[in-house]
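One letter stands for each residue in the lines below.
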Amino acid sequence: MNAPRHDWSLAEVEALFALPFADLMFRAQQVHREHHSANAVQMSTLLSIKTGACPEDCAYCPQSVRYETGLEREKLVPLDEVRARAQAAKDAGATRFCMGAAWRSPKKKDVEAVAAMVREVRALGMETCATLGMLTRSQALELKDAGLDYYNHNVDTSPEFYGEIITTRTYQDRLDTLAAVRDAGLNVCCGGIVGMGETVRDRASMLATLANLPQHPESVPINQLVRVPGTPLAGAAAVDPFDFVRTIAVARIAMPKASVRLSAGREVMNDELQALCFLAGANSIFYGEKLLTTGNPDVARDRALMTRLGIEPLIPAGLAAGNGDAQPGEHVHGPGCAHEPTTARPTAACSATRQR
Ligand code: SAM
Ligand code: DTB
Ligand code: SF4
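**Section: the environment of Val13**
With respect to the secondary-structure elements, Val13 resides in helix H1 (residues 10-17). Sequence separation of Val13 and Met206 is 193 residues, and the distance between their C-alpha atoms is 9.8 Å. Excluding residues within four positions of it along the chain, Val13 makes contact with Trp8, Ala204, Leu207, Ala208 and Val250.

**Some thoughts on the site of ligand 3**
In the vicinity of ligand 3, the residues found are Cys54, Glu56, Cys58, Tyr60, Cys61, Ser64, Ala102 and Arg169. The cavity where ligand 3 resides is the largest cavity. Residue composition of the shell around ligand 3, by class: 5 nonpolar, 1 polar and 2 charged.

**Here's the deal with the site of ligand 1**
Neighbouring residues of ligand 1: 16 residues in total, closest Tyr60, Thr131, Asn154, Asp156 and Val226. Here Trp103 contributes a backbone N or O atom positioned 3.4 Å from a nitrogen atom of ligand 1. One of the side-chain nitrogen or oxygen atoms of Asn154 is found 2.9 Å away from an oxygen atom of ligand 1. Protein chains shield 90% of the accessible area of ligand 1, which is 560 Å² for the free molecule. Most atoms of ligand 1, that is more than half of them, are within 2 Å of grid points of the largest cavity. Looking at the shell around ligand 1, its residues break down into 8 nonpolar, 6 polar and 2 charged.

**Thoughts on empty space enclosed by the protein**
One pass over the full model with this rule turns up 1 cavity of 30 Å³ or more. Each pocket or cavity is described by its volume, and for the largest cavity that value is around 860 Å³. Taken together, 41 residues form the lining of the largest cavity, with Tyr60, Cys61, Gln63, Asn154 and Leu292 sitting closest to its centre. Split into classes, the residues belonging to the lining of the largest cavity amount to 22 nonpolar, 13 polar and 6 charged.

**Re helix H2 (residues 21-35)**
Under the 1.5 Å per step criterion, the end-to-end length of H2 is 21 Å for 15 residues, consistent within 8% with the ideal 21 Å. Buried within H2 are the following residues: Leu24, Met25, Ala28, Gln29, Val31, His32 and His35. On the buried face of H2, the contacting elements are H1, helix H8 (241-254) and helix H9 (271-279).

**A look at the pattern of salt bridges**
Under the criterion given, the structure shown has 20 salt bridges. Between Arg169 and Glu56 there is a salt bridge, with the nearest N and O atoms lying 3.2 Å from each other. On the criterion of sequence distance, the pair formed by Arg169 in the loop between strand S4 (150-152) and helix H6 (171-183) and Glu56 in the loop between strand S1 (40-50) and helix H3 (79-92) is long-range, its members being 113 residues apart. Each member of the pair, Arg169 as well as Glu56, carries the same accessibility label: buried. Here Arg182 makes a salt bridge to Glu218, at a shortest N to O gap of 3.0 Å. In this pair, Arg182 is assigned in helix H6 and Glu218 in the loop between helix H7 (200-211) and strand S7 (219-224), connecting sequence segments 36 residues apart. According to the relative accessible area criterion, Glu218 is partly exposed, its value standing at 22%.

**A word on the packing of helix H4 (residues 108-123) against helix H5 (residues 137-146)**
Angle between the axes and distance between the axes: these two values describe a pair of packed helices. Two elements in contact, H4 and H5, have axes separated by 8 Å at closest approach and are oriented at 25°. When the axis of H4 is compared with that of H5, the two are roughly parallel. For the crossing formed where H4 meets H5, the hand is right-handed. Of the residues in H5, those in contact with Val111, Glu112, Val114, Ala115, Val118 and Arg119 of H4 are Gln139, Glu142, Leu143 and Ala146. Grouping the constituent residues of the contact of H4 with H5 by class yields 6 nonpolar, 1 polar and 3 charged.

The rules behind the values
- Residues numbered from 1 in each chain as written.
- Chains lettered and ligands numbered in written order.
- Predicted model: local features only at pLDDT ≥ 70, side-chain atom pairs only at ≥ 80, totals over all residues.
- Heavy atoms only, no water.
- Helix = DSSP H or I, 4+ residues; strand = E, 2+ residues; numbered from the N terminus.
- Contact = heavy atoms within 4.5 Å.
- Near = heavy atom within 4 Å.
- 1 Å grid on protein atoms, 1.4 Å probe; cavity = no way out; pocket = protein on both sides within 12 Å on 5 of 7 lines; lining within 4 Å.
- Sits in = over half its atoms within 2 Å of the grid points.
- Nonpolar A, V, L, I, M, F, W, Y, C, P; charged D, E, K, R; others polar.
- Polar contact = N/O pair within 3.5 Å; in protein donor to acceptor, adjacent residues only side chain to side chain.
- Areas by Shrake-Rupley, 256 points an atom, 1.4 Å probe, with all protein chains shown as cover.
- Points joined across faces, edges and corners; volume = space filled by probe spheres on them.
- Expected span 1.5 Å × (residues − 1).
- Buried < 20%, exposed > 50% of the residue type's maximum accessible area, 1.4 Å probe, protein only.
- Salt bridge = Lys/Arg side-chain N within 4 Å of Asp/Glu carboxyl O.
- Axes fitted to C-alpha atoms, helices over the stretch in contact; angles between N-to-C directions.
- Parallel < 35°, antiparallel > 145°, perpendicular 65-115°, else oblique.
- Left-handed = near helix turned anticlockwise from the far one by under 90°.

Okay, here's the thing in structure tokens:
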């Protein structure tokens, strides 16, 4: 039994990274199959609701006002457009819509505007996620009241390496936001980036930080750095693909129940590498041709990949309509599935699996 733990030592997590690849993958698969449907992947679509001109100095980010990345700044996206983009994402098969803004922290009017967006998206029958920078507890509560399901706020890297990447807010600021989000009853989405020049120990330390939070994040995005020209990290060395897979596998083992998201960086990954990431325990992706400002595989490519691998879309437990009282892991109706609500077991033609 691989029950969630919150007492990981750095040495233990480093020891996981040091395992032979096959042994690490075997352990990750054991944990994955104990807690999740092995062939189901949750799909979220991102929308940048306010782009560029961010006052922060995150060295990886094309949206910082400090770097010449050629990105055009954009004002807040109108409500109608948010609704239309969310509907399109739902029609394409996404179950969660994530709204991201290039803010250090939102102002009062910003939270009100995002709350209105959350209500619209929720009304479409999608899960909602937002990533708006630092948040106070009352702001988190306001978003929760509007129907927000998840808040994304990444630690990005280890506490030790953090100062090399961001100087305009502290690691503790990030932990404070995560606590505020948790206190408000929101699901926490928190992960980081691989490929910024960090050591394996930094990757282990980042995952130990996440795994030792009082409650594990429900969602853990593992991003591979998108090296954007003009940012200080544009020339960072490429990550060894196996080391990226190892990071996913260790996240899976250290946070057994979390959704581990294979996040940014998929556009430059081949199908074989993505398949290894799924084998390592990734069970969530960003879906749709754009992340916030950079590219992502298009829907046709992802559909083809899922078909090649026999992967089904994972329908979150709270969303599946018309499925009676299906149990977690049981077949439910999803996009493209024509079965009756009483169908209890997946067949080859079934396309969705209820989240455990
Ligand atoms: N401004 C808010 C904040 O920083 O919390 C929300 C948006 S910010 C773009 C969300 C996350 O995207 C960052 O914390 C970082 O982990 C990820 N990210 C940004 N640029 C990236 C890049 N070039 N490659 C990989 N991940 C990136
Ligand atoms: C996360 O961990 N990755 C997403 C989401 N959370 C907001 C963002 C990735 C951004 C990649 C660079 C860009 O598109 O601007
Ligand atoms: Fe701003 Fe977020 Fe980019 Fe940092 S990661 S520069 S806070 S948009």
